[in-house]
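Below are the chains, spelled out letter by letter.
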Amino acid sequence: MESHFLLFGAMLNAGTVLALAALGLLINEKAGVVNLGAEGMMLCAAIAGFATVVNTGSDWLGFAAGAGAGALLAAIFGVLVIWLNTNQYATGLALSLFGAGFSAFAGIHYVQEKLPERVQFKVPVLGDIPLIGPALFHQHPLVYVTMALVGGMVWFLYRTRAGLVLRAVGESPESAHALGYPVRRIRFMAVLAGGAMCGLAGAFISLAYTPLWVEGMVAGRGWIALALTTFATWRPARVLMGAYLFGGVTMLAFAMQGAGVDIPTQFLSMLPYIAPIVVLAIISRNPAWIRINMPASLGKPFYPGS
């Protein structure tokens, strides 16, 4: 029984990485911008956060550095696709490749470095509850912040004027522009916010999830986060549920390996990546459902003069 609760706790931890990145990409896509560079941004943020903590000893400075690195790369991406009207898909892929290469180069001297001793977090009183306490209330604070962020994003997108404007820009930028809204500036701010959240996800990996630096340690989570936005049909609450689902598949694969299940380890390692492919294949059988929920101008450039 205890092992099941601990597996649940590990699922929350693993799902937080995917949820943070996917929520950032969701903001981008609600504004009509597709960013395929999440993997590269997360890798650069992971090394930025790790290097900052190694040199300063402050985790919070590390998370700030990770968010800053993600926002900086997102800003470059935003200038290229929003003002220079480069192809969003090609630019995102280039960003992902750049992030992978640059993080490997910048992290050469940090492969053997160790972080200061990690603080063990625990919610007072609740953390002492048998079984439930260690699983639910011994998590990193960013796990709870991510849960709260989902509620905040639902409120922002569907209960505020700013959220309505953001969605209008993603649905019909021409109409938003005709009403006097600065479409390009709104898209750029959305891209910056999304990049910062992807950066937080990358820093979480190197500072809390697996506190070390290894080249390529994001291991495809940026691509899974990208798939999550479609899986969740661009709804924040569904993003969180999907992130925990895929995080649970990841942890289940590790648990099965540890339990000595007679299944090839290569297959178990594939499970976290097979799951989103299967889910997307099932969803894609009903294209109308995706079209109804997808922002109408997703991936389409906007020319104010047209």
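Below you will find a few notes about this structure. Residue numbers restart at each chain and count upward from 1, following the sequence in its written direction. A pLDDT threshold of at least 70 governs which residues receive local features in this predicted model, and a stricter bar of 80 or more applies before side-chain atom pairs are shown or counted, although totals over entire chains, interfaces and linings include all residues. Each side-chain value is derived from all of the structure's non-hydrogen atoms; neither hydrogens nor water enter the calculation.

Structural notes on the pattern of salt bridges
Part 1 of the argument: Between Lys or Arg on one side and Asp or Glu on the other, a salt bridge is scored when a side-chain nitrogen of the former is within 4 Å of a carboxyl oxygen of the latter. Applying the stated criterion across every chain, the model contains one salt bridge.
Part 2 of the argument: Where D59 meets R118, a salt bridge forms, and the shortest distance between an N and an O atom there is 2.8 Å. Taken as a pair, D59 in helix 3 (residues 59-83) and R118 in the loop between helix 4 (88-106) and helix 5 (132-136) lie far apart in primary sequence, 59 residues in all. Comment: elements are numbered from the N terminus, with helices defined as DSSP H or I runs of at least four residues and strands as E runs of at least two.

Some details on the packing of helix 3 against helix 4
Part 1 of the argument: The angle between two axes is taken between their N-to-C directions and runs from 0 to 180 degrees, where each axis is a line fitted to C-alpha atoms and a helix contributes only its stretch in contact. Relative orientation of the contacting elements helix 3 and helix 4 amounts to 155°, with a least axis distance of 10 Å. For the element pair helix 3 / helix 4, the angle class is roughly antiparallel. You can see that helix 3 and helix 4 cross each other, and the crossing is right-handed. Within the contact between the two elements, helix 3 uses L73, F77, L80 and V81 and helix 4 uses Q88, T91, G92, L95 and F98.
Part 2 of the argument: The nonpolar class holds Ala, Val, Leu, Ile, Met, Phe, Trp, Tyr, Cys and Pro. Asp, Glu, Lys and Arg form the charged class, and all remaining residues, Gly among them, are polar. Split by residue class, the contact of helix 3 with helix 4 holds six nonpolar, three polar and no charged. If an angle is under 35 degrees, it is roughly parallel; if it is over 145, roughly antiparallel; if it lies from 65 to 115, roughly perpendicular; otherwise it is oblique. Here is the rule for handedness: rotate from the far helix to the near one, and if that takes an anticlockwise turn smaller than a right angle the crossing is left-handed, while a clockwise turn gives right-handed. Only heavy atoms matter for contacts: two residues are in contact if any of them lie within 4.5 Å across the pair.

Looking at the packing of aromatic side chains
Part 1 of the argument: What counts as a ring pair is set by centres within 6.5 Å for rings of Phe, Tyr and Trp (its six-membered ring), and what kind of pair is set by the plane angle: stacked under 30 degrees, edge-to-face over 60, tilted for all other angles. Across all of its chains, the model carries five aromatic pairs by this definition.
Part 2 of the argument: Here W60 and F63 contribute two aromatic rings whose centre-to-centre distance is 5.9 Å and whose plane-to-plane angle is 40°, an arrangement assigned as tilted. With W60 and F63 both in helix 3 and three residues apart, the pair spans about one turn of that helix.
Part 3 of the argument: Think of it in three bands: with a 1.4 Å probe and only protein chains considered, a residue is buried below 20% of the maximum accessible area for its type, exposed above 50%, and partly exposed in between. Of the residues examined, F63 reaches a relative accessible area of 5% and is grouped as buried.
Part 4 of the argument: Each ring, one from W83 and one from F188, has its centre 5.3 Å from the other, and the planes form 70°; the classification is edge-to-face. One end of the pair, W83, is in helix 3; the other, F188, is in helix 9 (residues 183-209), and 105 residues separate them in sequence.

Describing helix 4
Part 1 of the argument: For helix 4, with 19 residues, the first-to-last C-alpha span of 26 Å sits near the 27 Å given by 1.5 Å per residue.
Part 2 of the argument: Q88, T91, G92, L95, S96, G99, S103 and A104 are the residues of helix 4 that are buried.
Part 3 of the argument: Tucked inside the fold, the buried residues of helix 4 contact helix 2 (38-56), helix 3 and helix 10 (221-231).
Part 4 of the argument: Between the side-chain oxygen at the start of helix 4 and the backbone nitrogen of Y89 there is a gap of 2.9 Å, and the oxygen is on N87. Helix span, expected: 1.5 Å multiplied by one less than the number of residues in the helix. Counted as a polar contact is a pair of N or O atoms within 3.5 Å, where, for protein atoms, one must be capable of donating a hydrogen and the other of accepting one, and residues adjacent in sequence contribute only when both atoms are in side chains.

A few points about empty space enclosed by the protein
It is a probe the size of a water molecule, rolled over the atoms, that shows where empty space is left.
Part 1 of the argument: Of the two site types, the cavity is a set of points on a 1 Å grid over the protein atoms alone where a 1.4 Å probe fits but cannot get out, and the pocket is an open set with protein on both sides within 12 Å along at least five of seven lines, each lined by residues with an atom within 4 Å of a point. Grid points are joined across faces, edges and corners, and a volume is the space filled by probe spheres set on the points. Tallied over the full model, the rule gives one cavity of 30 Å³ or more.
Part 2 of the argument: Here the largest cavity defines a volume of roughly 70 Å³.
Part 3 of the argument: In terms of lining, the largest cavity is formed by V33, V81, I82, N85, Q88, V183, R184, R187, P301 and F302.
Part 4 of the argument: No other element matches the three residues that helix 9 contributes to the lining of the largest cavity.
Part 5 of the argument: In the lining of the largest cavity, the residues fall into six nonpolar, two polar and two charged.

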